[in-house]
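Secondary and tertiary structure notes
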Amino acid sequence: MAEAHQAVGFEFTVIPEGADAQLSHQALTEIYLSAVNSWKKCIIRIKNSVIRGVYPASPFSWLFVVIAILATMYTRSDPSMGLIPFIPVLLSAVIFSTMLWLLLIFTMRLCLKQLLSYHRWMFEPHGKMSTTTKVWVALVRIFSGRKPRLYSYQASLPNLPVPAVKDTVKRYLESVRPLMDDAQYEHVTKLAAEFESSLGNRLQWYLKLKALWVTNYVSDWWEEYVYLRGRNPIMVNSNYYVMDFLYVTPTPIQAARAGNTIYAMLLYRCKLNKEEIKPVGSALGTFPCCSYQFERMFNTCRIPGTLTDTIQHWKDSDFIVVYHKGRYFQLYVYQDGRLLCPREIEFQIQRILDDPSPASKGEARLGALTAGDRIPWAKARAKHFNSGINKKSLDCIEKAAFFVTLDDEEQSIVGDNLGESLDCYIKSLLHGKCYNRWFDKSFSVVFYKNGKSGLNGEHSWGDAPVLTHLWEYTLATECFQLGYNAEGHCKGEVDASLAEPQKLNWEISSEVCFHSLLYALANDVDMHVVVFRDFGKAKVKKCRVNPDAFIQIALQLAYYRDQKRFSLTYESSMTRLFREGRTETVRSCTNESCAFIRALEGGETTDVCRRLFRTASEKHQRLCRMASTGAGIDRHLFCLYVVSKCLGVESPFLKELESEAWRLSSSHIPYQMIDLFDTVNHPEYLCYGGGFGPVTDDGYGVCYLMLGGDVLTLHISCKNSCPDTVSSVKVITWNSNEIQLFHRQEHITFFKLRRSLFISLFPQKHFYLNDLFSFPTRMLANLALGSEPPSTT
């Protein structure tokens, strides 16, 4: 998703000295620090487990008891009344039994880790399972034990393997072949051969050394250099959004919607703290995924720095922070250790809505600091928020469980102009007014005046599927378990003794001001959502086509028709089959997909198109499986690049990567808790996914979601300021009752009618308005059924 911004050209600073560092000890230092951080996290988890295990006592109480007993025995007294002489025998038996028990546990974990390192099942044909895989599934279930908790598999997950340099280079050359002419490809091939035979082996040695000491050789550097060292605004460029229900609003009362939603989220946090959430699994329902990212979902904030940001996570928080009409309120969600019921939270939210107090000077647009460049925010934080009232209020925001915005606008997605209202809605979720979100928080919940809601997520702490897991649980709990009364209010009674939410106080200097450039960044984003109900996963599968491969090939076809060329394409794929895994890149533009599109556009016969499409689909599936099993391209090259910077050496081959641009960036967010929704009786109660801003100034961002068997949702983004990603024809806008025509470049500053990617992709003929998927659907269905492909005219 949004990580492609920094991943494209490795645009980050590896160490303060940058490329001037010439000594190899810099690389060793980086590896050492990674190992230290990895072991620190392990020690912290062990310490927390021990503390939880002896609660309500403390570990030091054991030492106190031992010292007290020894002191008593020193006075020749026997506090055990004759039991101590027998203890050595019992103690020996207990120690031996404990050691045997721990040995069995270690053996079972080792066996399970070896079993989870088996990935051949992913490469077997759909619907066919080999005898080896059947045996493997049975053994995994045996060694997994009964009722595993959220983090039960963590110690048994395999480490991410380091691919061979020659394999990565070979896959890279194959991925760029359709994008280069013969001369360019020959040049890159020579650079790759030189890198593989010389510098590549030296850099690889450091990566293998790191892999011996840490659980994942990619994730810590990925988090540090791709996310936290990015100095550009995280609003639009990094943060992403998740939508509410599309066709239904559970209640039009803003405070009531907030009451149930906040309560459901806090229930989820309770389950998270108790590790009662079932481990997220992949295909076959057997292979567990890493749950590490769940640890920092709540009570987490990104802290700005001049060189690099940091992620600060607090153990717990009993309050949230609410923003309304330029004011910040601290709302305690617990009273005497009891979680407030939904009706009480609604009551407290309504108090905030009814509060007439004005915002302090400069308070209303304070959140814009988190939206802009990171260095000015870091300097302002150090200068104006390091003491006094400002520090206390800022600490409150950063330590809150999560951030809530009570928006004073309505977002309606009903009526005749559904497309335009949806576009306005998702733009509001992505960036709002640039100052009414706290973009540094792990996530912000937005509640609109008419009861609609949504999420804005910060990307550095975790990926979108983790946050959507929370959101799916929240929506299902809110509507199907908690519900609302006949008047639309939350159920329950209110304790009259509840303390009022406390308004945060600020002393804002005139030096802390809102930067108008943020408006330009937000207004330049062109967002569009299309809900396609003519077909979905079920119809695609009937053609015996992988749904993800189908979408990706359709995107390639649409982009080719729009730009008359192919482009390097970024598709996000998870690597959570490995411990602390995050994502890998699938380079979806392949030789096979390009051959198919050329054949289709060139008017080849049905048999040729069908054969080429099948080949392209199978190639895409294989690339996805390789990426998920640690045999990708880009994360390995990224780590080699980091090591080269630490060593202070220049690689012409790695430098070549800086010129690559992901002009088409895509992501697929699947439903993970569909069992919580009654899709038969309530098909309208489904979240329609989310999206992100465009990755490059001259490219598209596409996030898609397949719901059930017959719905496809696409979230499209691009830049208004780029003439290559919008229609070259004149733009129609409405001003009062008059229709005015403006040339595209003349109307950027007050552009009102957002252009969809679908219009942009097919500016030649109006017929292509919905052709991004309706045309490929008919085409692919005909290919599968054996009829002639439709005409492209």
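Residues numbered from 1 in each chain as written. Predicted model: local features only at pLDDT ≥ 70, side-chain atom pairs only at ≥ 80, totals over all residues. Heavy atoms only, no water.

**Quick look at the overall build of the protein**
Looking only at helices and strands, the protein features 25 helices and 20 strands. The burial tally for the protein puts 55% of its 793 residues in the buried class. Of the accessible surface of the protein, which amounts to about 35,200 Å², a share of 57% is contributed by carbon and sulfur atoms. (Helix = DSSP H or I, 4+ residues; strand = E, 2+ residues; numbered from the N terminus. Buried < 20%, exposed > 50% of the residue type's maximum accessible area, 1.4 Å probe, protein only. Areas by Shrake-Rupley, 256 points an atom, 1.4 Å probe, with all protein chains shown as cover.)

**A word on the pairing of strand β18 (residues 711-719)**
Among the nine residues that make up β18, nine are buried, leaving the element largely enclosed by the rest of the structure. Of the two faces of β18, the one holding V711, T713, H715, S717 and K719 and the one holding L712, L714, I716 and C718 are both buried throughout. Pairing of strand β12 (residues 525-532) with β18 involves eight bridges; the strand directions are antiparallel. When the sheet's bridge partners are listed, D526 is paired in β18 with C718. A loop of three residues connects strand β17 (residues 700-707) with β18, the two strands running antiparallel in sequence, and G708 in this loop sits at a positive phi of about 60°. (Pairing = 2+ DSSP bridges.)

**What to know about the sheet that holds strand β14 (residues 583-587)**
Taken in spatial order, the six strands make up an open sheet running β12-β18-β17-β15-β13-β14, and their pairing is mixed. Each end of this open sheet is capped by a strand with a single partner; those strands are β12 and β14. Going from strand to strand, the sheet's axes swing by 20° on average, the running direction of each strand aside. Most of the contacts of helix α22 (residues 634-647) go to β14, to which it runs at about 115°, and overall it touches β13 (569-574) and β14. (Axes fitted to C-alpha atoms, helices over the stretch in contact; angles between N-to-C directions. Contact = heavy atoms within 4.5 Å.)

**Observations regarding the confidence of the model for the protein**
In low-pLDDT regions, the fine details of the predicted coordinates are not to be read closely. Looking at the protein, pLDDT values average 81 and 78% of them are 70 or higher. At the low end of the mean pLDDT range in the protein sits strand β20 (residues 738-742), at 28; at the high end sits strand β8 (residues 403-406), at 98. Taken together, the stretch residues 15-23 has pLDDT below 50 and engages in 22 contacts with residues farther than four places along the chain or on a different chain. Throughout residues 52-57 the model reports pLDDT below 50, and contacts reaching past four residues in sequence, or to other chains, amount to two contacts. (pLDDT = per-residue confidence, 0-100.)

**With respect to the nonpolar core**
Ranked by internal contacts, the top residues of the largest apolar core, which has 112 residues, are I262, M297, Y328, I349, F402 and F443. Counting residues per element, this core draws most heavily on helix α16 (residues 464-482), at ten residues. When residues are assigned to domains, this core turns out to be shared by domain 2 (165-224 + 526-741) and domain 3 (230-276 + 293-508), each giving three or more. Aside from chain neighbours lying at most four places away, what touches I349 is A255, A258, I262, V322, L331 and L406. L112, L160, L173 and L203 belong to the second-largest nonpolar core, a separate cluster that totals 54 residues. (Core = buried A, V, L, I, M, F, W, Y, C linked by side-chain atoms within 4.5 Å. Domains from an automatic or database assignment.)

**Digging into the packing of aromatic side chains**
Tallied over the full model, the rule gives 29 aromatic pairs. Centre to centre, the rings of Y328 and F403 are 6.1 Å apart; their planes meet at 55°, and the pair counts as tilted. One end of the pair, Y328, is in strand β5 (residues 327-332); the other, F403, is in strand β8, and 75 residues separate them in sequence. Across the pair, exposure class does not vary: Y328 and F403 are buried alike. Ring plane angle 80° and centroid distance 6.1 Å describe the contact between W377 and F385, whose orientation is recorded as edge-to-face. Of the residues examined, F385 reaches a relative accessible area of 4% and is grouped as buried. One aromatic cluster in this structure is built from Y323, Y328, W377, F385, F403, W438 and W506. The cationic tip of R177 hangs over the ring face of Y185; the distance from NZ or CZ to the ring centre is 4.5 Å. (Phe/Tyr/Trp six-rings, centres within 6.5 Å; stacked < 30°, edge-to-face > 60°. Lys NZ or Arg CZ within 6 Å of the ring centre and 35° of its normal.)

**Focus: the pattern of salt bridges**
Scanning the model with the defined rule gives 32 salt bridges in all. D309 serves as the salt-bridge partner of R231, at 3.0 Å between the closest nitrogen and oxygen. One end of the pair, R231, is in the loop between α9 (219-228) and β1 (240-242); the other, D309, is in the loop between β2 (300-303) and β3 (310-313), with 78 residues separating them in the sequence. Across the pair D309 and R302 runs a salt bridge whose closest N-O atoms are separated by 2.7 Å. When sorted by exposure, D309 lands in the same class as R302, which is buried. Each of R231, R302, D309, R374, D440 and E458 takes part in a single network of salt bridges with overlapping partners. (Salt bridge = Lys/Arg side-chain N within 4 Å of Asp/Glu carboxyl O.)

**What about unusual backbone geometry?**
For K325, which is not glycine, the phi dihedral falls at a positive 50°. You can call K325 exposed: its relative accessible area is 57%. Although it is not a glycine, E580 adopts a positive phi angle of roughly 60°. With respect to the secondary-structure elements, E580 resides in the loop between β13 and β14. Note on E580: relative accessible area 7%, which makes it buried.

**Describing a nonpolar patch on the surface**
Side chains of L100, L103, L104, F106 and L110 sit close together on the surface and give an oily, nonpolar patch of about 500 Å² of accessible area. In this structure, L104 sits in helix α4 (residues 87-116). Take L104: its relative accessible area is 49%, and that puts it in the partly exposed class. (Patch = residues over 30% accessible without salt bridge, like charges linked within 9 Å, V, L, I, M, F, W, Y side chains within 5 Å.)

**A few points about the UniProt feature "active site" (unreviewed entry) in the protein**
Residues annotated in UniProt with the feature "active site" (unreviewed entry) correspond here to H459. Its place among the elements puts H459 in the loop between β10 (453-457) and α16. There is a polar contact of 3.3 Å between the side chain of H459 and the side chain of Y227. (UniProt positions renumbered as here; feature names shortened; annotations may be inferred. Polar contact = N/O pair within 3.5 Å; in protein donor to acceptor, adjacent residues only side chain to side chain.)

**As for the packing of helix α6 (residues 165-176) against helix α7 (residues 182-197)**
Contact pair α6 / α7: the axes reach a minimum separation of 10 Å and the direction vectors enclose 170°. Between α6 and α7, the interaxial angle falls into the category roughly antiparallel. Of the residues in α7, those in contact with V165, K166, V169, Y172, L173 and V176 of α6 are Y185, V188, T189, A192, F195 and E196. A breakdown of the residues in the contact of α6 with α7 according to their chemical character gives nine nonpolar, one polar and two charged. (Parallel < 35°, antiparallel > 145°, perpendicular 65-115°, else oblique. Nonpolar A, V, L, I, M, F, W, Y, C, P; charged D, E, K, R; others polar.)

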